[in-house]
Amino acid sequence: MNGLLQAEAPPLVLASGSATRAALLRAAGLAFETAAPGVDEAAIKESARADGLDPAECALLLAELKARRISERQPGALVIGADQILVCGERWFDKPTDRAAAREQLRALAGQRHTLVTAILCLRGGVRVWQHVATPRLVMRALSDVAIDAYLDAVGEAVTRSVGAYQVEGLGIRLFSAIEGEHGAILGLPLLPLLGFLRQHGVLTD
């Protein structure tokens, strides 16, 4: 066993450079490698919207493109790809590029309900063997500009690391009045469905 009740084969690879996703898998006792796929997410999203894809279809497309890049290099591995799109009304949000963009996003989300469309899938030998889409819903409190600026001051550059400019696992939890959905899915990796699949696939033996 190379992990907690985990089969030695196939090896697991997370096709992501996200420290948060890796931390979720590590906390669950999984043995895995990480590999950053280097996908141009912004361009793919723009093209997907132009082609009429909805957020779930787009998130699955991005997750698959990430996983496929790594699966081509490691065909014997079970590769996990994931992507998340924040949707509020008709608007899709991306990770803010700087503090000004983060401030604008928080002002747009304040007092509103939004959805985190979170897609995950697994490829083995270039073949999609499983997929899942979770849709956690969050309600952000009404926030004054003073409160937003105080939050931005407190978290610093971290606001550029997540879609929506917040991290609910940290100070960002104080921005919300209601949250519905699995914690892992909110952080970008629906962990319970993934663990269920890994058991069915024989990767986990607990």
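Residues numbered from 1 in each chain as written. Predicted model: local features only at pLDDT ≥ 70, side-chain atom pairs only at ≥ 80, totals over all residues. Heavy atoms only, no water.

(A) Molecular detail of the nonpolar core. Of all hydrophobic cores here, the largest spans 46 residues; its most connected members are Leu25, Ile80, Tyr166, Leu189, Leu194 and Leu198. Only strand E1 (12-14), helix H1 (19-27), strand E3 (78-88), helix H4 (99-109), strand E5 (113-124), strand E7 (137-140), helix H5 (145-155) and helix H7 (191-200) provide two or more residues apiece to this core. Here Tyr166 is in contact with Leu86, Leu109, His114, Leu116, Leu138, Met140, Tyr151, Leu175 and Phe176, once residues within four sequence places are set aside. Listed in part, the 22 residues of the second largest apolar core include Leu62, Ala63, Val79 and Ala119. (Core = buried A, V, L, I, M, F, W, Y, C linked by side-chain atoms within 4.5 Å. Buried < 20%, exposed > 50% of the residue type's maximum accessible area, 1.4 Å probe, protein only. Helix = DSSP H or I, 4+ residues; strand = E, 2+ residues; numbered from the N terminus. Contact = heavy atoms within 4.5 Å.)

(B) Looking closely at the layout of surface pockets. In this structure, the largest pocket spans a volume of roughly 760 Å³. Contributing to the lining of the largest pocket are 32 residues, with Arg21, Lys95, Arg161, Ser162 and Val163 lying nearest its centre. For the lining of the largest pocket, the elements supplying multiple residues, two or more each, are H1, helix H2 (41-50) and E3. Within the lining of the largest pocket, the residues separate by chemical class into 14 nonpolar, 9 polar and 9 charged. There is about 160 Å³ of room inside the second largest pocket. When the residues that make up the lining of the second largest pocket are grouped by side-chain class, the tally is 6 nonpolar, no polar and 2 charged. (1 Å grid on protein atoms, 1.4 Å probe; cavity = no way out; pocket = protein on both sides within 12 Å on 5 of 7 lines; lining within 4 Å. Points joined across faces, edges and corners; volume = space filled by probe spheres on them. Nonpolar A, V, L, I, M, F, W, Y, C, P; charged D, E, K, R; others polar.)

(C) The packing of H2 against helix H3 (residues 55-73), seen in detail. At a minimum axis separation of 10 Å, H2 and H3 run at an interaxial angle of 140 degrees. Looking at the two axes, H2 sits oblique to H3. Remark: the crossing between H2 and H3 carries right-handed chirality. Contacts between H2 and H3 pair Glu41, Ile44, Lys45 and Ala48 from the former with Cys58, Leu61, Leu62, Leu65 and Lys66 from the latter. (Axes fitted to C-alpha atoms, helices over the stretch in contact; angles between N-to-C directions. Parallel < 35°, antiparallel > 145°, perpendicular 65-115°, else oblique. Left-handed = near helix turned anticlockwise from the far one by under 90°.)

(D) Here's a closer look at H1. For H1, the full list of buried residues reads Arg21, Ala22, Leu24 and Leu25. Along the axis of H1, the buried positions cluster into a sector of 155 degrees, meaning they face one direction only. Of the exposed residues in H1, the ones pointing more than 90 degrees away from its buried face are Ala19, Arg26 and Ala27. Residues of H1 that are buried make contact with E1, strand E2 (33-34), E3, helix H6 (183-186) and H7. Between a side-chain oxygen at the N-terminus of H1 and the backbone nitrogen of Thr20 the separation is 3.3 Å; the capping residue is Ser18. Directly beyond the C-terminal end of H1, a positive phi value near 80 degrees is found at Gly29. (Arc of directions from axis to C-beta. Polar contact = N/O pair within 3.5 Å; in protein donor to acceptor, adjacent residues only side chain to side chain.)

(E) Main features of the pattern of salt bridges. Under the definition given, this model contains 13 salt bridges. Between Arg99 and Asp149 there is a salt bridge; the shortest N-O distance is 3.7 Å. Taken together, the positions of Arg99 in helix H4 and Asp149 in helix H5 put the pair 50 residues apart, joining distant regions of the chain. For Arg99, a relative accessible area of 38% puts it in the partly exposed group. (Salt bridge = Lys/Arg side-chain N within 4 Å of Asp/Glu carboxyl O.)

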